[in-house]
Amino acid sequence: MKTVFSGIQPTGELHVGNYIGAIHNWVKMQDQYRCIYCVVDYHAITQDYPVKEMKSRVHDMALDILALGVDPDRAILFVQSAVPEHTELAWVLSAVTGHGDLERMTQFKDKSVNQSENINAGLFSYPVLQAADILLYKAELVPVGADQVQHLELARRIGRSFNNRWGKVFPECEPKLTETPKVLGLDGKQKMSKSLGNHIPLSAIEDKPLRKLLGRMVTDEKRVTREDPGDPDVCNVFSFHKIFSTDDDRAWVREGCTTAGIGCVDCKGRLVGRMIEHFADYRERRAALVANPARVDEILAAGADKARAIAQRTMAEVRQKLGLWRSP
Ligand code: ADP
């Protein structure tokens, strides 16, 4: 059975882009593979963050992941810093990672612009730790959004370089994308992202807040007045209907929009209802976990024990290949 690994930073609340682009696959893949999912807190320290909030951010992220349907009986869920082998392997892998390769990473370039006051070495070597996260579990499939594909290519290269230099330990890993690997934000132009402020947080998927947020969502810009016909194929609201609505809804939108029979407000109103339905189970499971926070900690502790056992086996193999002192 193939192993699946993916991680997410505890940088606040989940949004629809994370879910549709990545976590949807985390949930789906649990039935077919050995799945290992991680809240990657060591990655998060490469950005400034409120130290007092770190614990609750980790807890809330794990809670949300569980509420979305990751099942601790079928998948391992844990926190990265509870398994120190991640950072240990990252150091080893940094010795087979090209400096030039890291310089080419577009996320590093983007983040350097966003946090020009704090361009630290951790931000630069972030993809090495990410490669360690994946390779430590010998994962072959990594469910992520399109923005992570470049990092995954590098992880594959790093794994190969290790194998060539010290002998084969790691399999090849590849990204597993969802049907919508890049969800656009409310602006309809850039990828949905918390840092761009164009996101729909999962916590906002309730009637009033969602109506308000979708009210801001850019539609077909050529449709200036209610009387103008629109083109659903260039409208981001329609791309959301493709994800959340039924065939009948989509036919209704296509007919109504292209003939100016319905306005954008009608189209968005239908979407609000469908999104609320889609996340009904999430809200229910979330409420149960919020009422029982100790359960989340229990799941994370048990997950860390399982992850550590696998990680220690891989690190023993790595040390042996490297010929280190006291290696087996
Ligand atoms: P990280 O830095 O941990 O990647 P993000 O919150 O940006 O943090 O992403 C978490 C996951 O969600 C990643 O797999 C990422 O590819 C995916 N993701 C984030 N934003 C989007 C988006 N707009 N569309 C599709 N996938 C996304």
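Residues numbered from 1 in each chain as written. Predicted model: local features only at pLDDT ≥ 70, side-chain atom pairs only at ≥ 80, totals over all residues. Heavy atoms only, no water.

Two elements in contact, helix α10 (residues 236-244) and helix α12 (residues 264-278), have axes separated by 10 Å at closest approach and are oriented at 35°. Considering only the axes of α10 and α12, their crossing is left-handed. Contacts between α10 and α12 involve V237, F240, H241 and F244 from the first element and C267, K268, R270, L271, R274, M275 and H278 from the second. By residue class, the composition of the contact of α10 with α12 is 6 nonpolar, 2 polar and 3 charged. (Axes fitted to C-alpha atoms, helices over the stretch in contact; angles between N-to-C directions. Helix = DSSP H or I, 4+ residues; strand = E, 2+ residues; numbered from the N terminus. Left-handed = near helix turned anticlockwise from the far one by under 90°. Contact = heavy atoms within 4.5 Å. Nonpolar A, V, L, I, M, F, W, Y, C, P; charged D, E, K, R; others polar.)

Residues in contact with the ligand amount to 17 residues; listed here are only the nearest, Q9, G145, D147, V183 and M192. With respect to the ligand, the side chain of D147 contributes an N or O atom lying 2.4 Å from an oxygen atom. Between M192 and the ligand, the recorded distance is 2.9 Å, taken from a backbone N or O atom to a nitrogen atom. In isolation the ligand has 540 Å² of accessible area, and contact with the protein removes 89% of it. Split by residue class, the shell around the ligand holds 7 nonpolar, 7 polar and 3 charged. (Near = heavy atom within 4 Å. Polar contact = N/O pair within 3.5 Å; in protein donor to acceptor, adjacent residues only side chain to side chain. Areas by Shrake-Rupley, 256 points an atom, 1.4 Å probe, with all protein chains shown as cover.)

For helix α3 (residues 54-67), built from 14 residues, the straight-helix expectation of 20 Å at 1.5 Å per residue is met to within 8% by its first-to-last C-alpha distance of 20 Å. With respect to burial, α3 is a largely interior element, 10 of its 14 residues being buried. By the burial criterion, the buried members of α3 are M54, V58, H59, M61, A62, L63, D64, I65, L66 and A67. (Expected span 1.5 Å × (residues − 1). Buried < 20%, exposed > 50% of the residue type's maximum accessible area, 1.4 Å probe, protein only.)

Packing of α3 against helix α14 (residues 293-322) brings their axes to within 10 Å, and their N-to-C directions diverge by 90°. Relative to α14, the element α3 is oriented roughly perpendicular. The segment α3 lies against α14, with H59, A62, L63 and L66 engaging P293, V296, D297, I299 and L300. Of the residues contributing to the contact of α3 with α14, the split by class is 7 nonpolar, 1 polar and 1 charged. (Parallel < 35°, antiparallel > 145°, perpendicular 65-115°, else oblique.)

The subject of this paragraph is the side chain of D41. Mapped onto the elements, D41 comes out in helix α2 (residues 41-44). Although buried, D41 forms no salt bridge, and the nearest oppositely charged side chain, K55, lies 10 Å from it. Sequence-distant contacts of D41, that is, excluding residues within four places in its chain, are made with P10, M54, V58, V79, Q80 and S81. (Lys, Arg positive; Asp, Glu negative; His and termini not counted. Salt bridge = Lys/Arg side-chain N within 4 Å of Asp/Glu carboxyl O.)

These figures capture arrangement, not role.
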